[in-house]
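Results of the structural survey
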Amino acid sequence: MPLCDGLHLASGYNCSANWPQLKVIPTMRICCIGAGYVGGPTMAMIAAQCPHIRVDVVDLNADRIAAWNSDELPIYEPGLDDLVRQARGRNLFFSTAVKECIHDSDIIFVSVNTPTKTFGVGAHKAADLRFVESVARTIAEVAEEPKIIVEKSTIPVRTAQAIQAILGANAKGLQHQVLSNPEFLAEGTAVKDLSKPDRILIGGEQTEAGLAAVETLVSVYANWVSRDRILTTNLWSSELSKLVANAFLAQRISSINSISALCEKTGADVDEVARAIGSDSRIGSKFLKASVGFGGSCFQKDVLNLVYLCGHFGLPEVAAYWDQVIIMNDWQKHRFSERVLRALFNTVTGKRIAILGFAFKKDTNDTRESAAIYVCRDLLEERANVSIYDPKVTTAQICKDLAIQADEQNVEFSTSAVQAAKGAHALLVLTEWDEFRALDFEAIYQAMVKPAWIFDGRSLLDHTKLRQIGFKVYSVGKPLPQETAT
Ligand code: UDX
Ligand code: UDX
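Now for a quick tour of the structure. (Residues numbered from 1 in each chain as written. Chains lettered and ligands numbered in written order. Predicted model: local features only at pLDDT ≥ 70, side-chain atom pairs only at ≥ 80, totals over all residues. Heavy atoms only, no water.)

1. A short note on the pairing of strand S10 (residues 230-234)
- Inspection of the sheet shows strand S9 (residues 200-204) paired to S10 by five bridges, in the parallel sense. From the neighbouring strand, Ile200 faces S10, where its bridge partner is Ile230. (Pairing = 2+ DSSP bridges. Helix = DSSP H or I, 4+ residues; strand = E, 2+ residues; numbered from the N terminus.)

Below is the structure:
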């Protein structure tokens, strides 16, 4: 592996051994604006794989930066602690020195958040680009040499043009290059995805300077990714591909979730259907797991963004096609809550309902757009008492997501699944944490109100065993026992 490409060592020794301890004079400087779920892990990987490059991760949020510099990283990802420990202080630095780092860097990654707009034109569909714009203005103000600016944030197609226009209007005659380099990592497996990516995508202007900038970024990734996995395209193809990749993945989940409803009516088993169709190599087996609904920071935002773009470009039929992916996902989340309500004799008022899992998927502490938020809101609306347990999500985060105070009467923050289930009428599995499989369900059953219900939103548990214990079980897309079928 060409780990030493361009490496200049202070004392001229062989870099192949013990490089983490060596004093390195960086030949290139990279800065990343935005120390979030994308910026943090991605830069940690670049720094770990390229000891000859100095990588600065900067963020306006001083608390977040302090956490990145501590032993309690602000995000939970398997393997991330080791990766950060390996490079932090050597060639990986976290700070709030946004302007200084922009000034001193050759390549500037923009990894700030681009939430869905909540107001004005395009509200609830278009991306809010104010952070991207303000970063572009800061770069224009601070830079004294031409920079390569890399869009890491997922943004609407042709955002690069807007960035270029801002830079062009303010750039003191400097010829900056804007590249698109979308990130495809999934949370919970970020380190694995970054170290062995299916592909790296880099889009740039098809000019001599644009192609040269693309080649510079290719040379960074080529330190650990084989060249045949590094795809280069024009700017717009790259920007659009990120939205389309997420839209296709989300569409598969909505498709199988739509079939889960049909399975429940007909007696088919959605996991069996998924296995049967997924073994057709043209369809493939991944992203066919029926669930309580997809969450995460990207799927909903990016599909809505695609819908907005199609509308904007006068393609209402295409917009409606993709919009249905979101409509189906919203329906699936509410369908789950309604199923709980129906099973509990049409009232959950005053009943204790245990929520197992609040993160949008396992192995992350991220709750953005988590199905658990929607299900809890539905239950609280029906005046249930919910007891919530998640191994990684903090009480503060749950309060923020549900817009409640920590002393809210109807919500208990449990420190274990067993505690959450004590005295509950129902137990809802909303995140597929591995530890839930190994719970002592005999003991949990004894501690619950009868009939004791389990609603498995992830098809995670052994339902035959649970029924033998005495539980009544509902699982998304599974045939329902006679007395509960409707
Ligand atoms: C975000 C977007 O959600 C995603 O679409 C995009 O691909 C990459 O950026 P993520 O890293 O998960 O993904 O977001 P988040 O954890 O919110 O991190 C963004 C960071 O940018 C925050 O820490 C925020 O403080 C910082 N930021 C935002 C700045 O430093 N400057 C700004 O002007 C705005
Ligand atoms: C996604 C994309 O996978 C990634 O490439 C992109 O960079 C960011 O968006 P992420 O949102 O982190 O990644 O996680 P992902 O594994 O895609 O899961 C998203 C949601 O879909 C989760 O709520 C997950 O539980 C759900 N899901 C996933 C299903 O319900 N069924 C499945 O079969 C797969």
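2. Some points on the site of ligand 2
- Contacts to ligand 2 come from 20 residues, most closely from Phe184, Glu187, Ser291, Lys361 and Arg458.
- The backbone of Gly295 places a nitrogen or oxygen atom 2.9 Å from an oxygen atom of ligand 2.
- A distance of 2.8 Å separates an oxygen atom of ligand 2 from a polar atom in the side chain of Lys361.
- Of all the elements, helix H9 (residues 235-266) adds the most residues to the shell around ligand 2, at four residues.
- Among the residues forming the shell around ligand 2, the class breakdown is eleven nonpolar, three polar and six charged. (Near = heavy atom within 4 Å. Polar contact = N/O pair within 3.5 Å; in protein donor to acceptor, adjacent residues only side chain to side chain. Nonpolar A, V, L, I, M, F, W, Y, C, P; charged D, E, K, R; others polar.)

3. Some thoughts on the site of ligand 1
- Around ligand 1, a shell composed of 20 residues is seen, among which Val38, Asp59, Arg64, Lys301 and Arg368 lie nearest.
- Val38 places a polar main-chain atom, nitrogen or oxygen, 2.8 Å from an oxygen atom of ligand 1.
- Contacts to ligand 1 include Asp59, whose side-chain N or O atom sits 2.6 Å from an oxygen atom.
- The fraction of the free accessible surface of ligand 1 (680 Å²) that becomes covered by protein chains is 91%.
- A class-by-class count of the residues in the shell around ligand 1 yields six nonpolar, nine polar and five charged. (Areas by Shrake-Rupley, 256 points an atom, 1.4 Å probe, with all protein chains shown as cover.)

4. Some points on helix H11 (residues 299-312)
- An ideal rise of 1.5 Å per residue puts 20 Å on 14 residues; H11 measures up with 20 Å between its terminal C-alpha atoms.
- In terms of burial, H11 is largely enclosed, as eleven of its 14 residues are buried.
- All of the buried residues along H11 are Phe299, Gln300, Lys301, Asp302, Val303, Leu304, Asn305, Leu306, Val307, Leu309 and Cys310.
- Buried residues along H11 sit against H9, helix H12 (316-343) and helix H13 (371-381).
- Positive phi appears at Gly314, one or two residues downstream of H11, with a value of about 75°. (Expected span 1.5 Å × (residues − 1). Buried < 20%, exposed > 50% of the residue type's maximum accessible area, 1.4 Å probe, protein only. Contact = heavy atoms within 4.5 Å.)

5. Things to note about the environment of Arg368
- Mapped onto the elements of the fold, Arg368 is located in the loop between strand S11 (352-356) and H13.
- Judged by its relative accessible area of 35%, Arg368 falls in the partly exposed class.
- Spatially, the C-alpha atom of Arg368 lies 5.3 Å from that of Ser297, the residues being 71 residues apart in sequence.
- Reaching out from Arg368, the side chain makes a polar contact with the side chain of Asp366 at a distance of 2.9 Å.

6. With respect to empty space enclosed by the protein
- This model, assessed by the stated rule, comprises one cavity of 30 Å³ or more.
- If you trace the largest cavity, you find it lined by Val110, Val132, Glu151, Ser153, Ile155, Thr159 and Ile163.
- By residue class, the composition of the lining of the largest cavity is four nonpolar, two polar and one charged. (1 Å grid on protein atoms, 1.4 Å probe; cavity = no way out; pocket = protein on both sides within 12 Å on 5 of 7 lines; lining within 4 Å. Points joined across faces, edges and corners; volume = space filled by probe spheres on them.)

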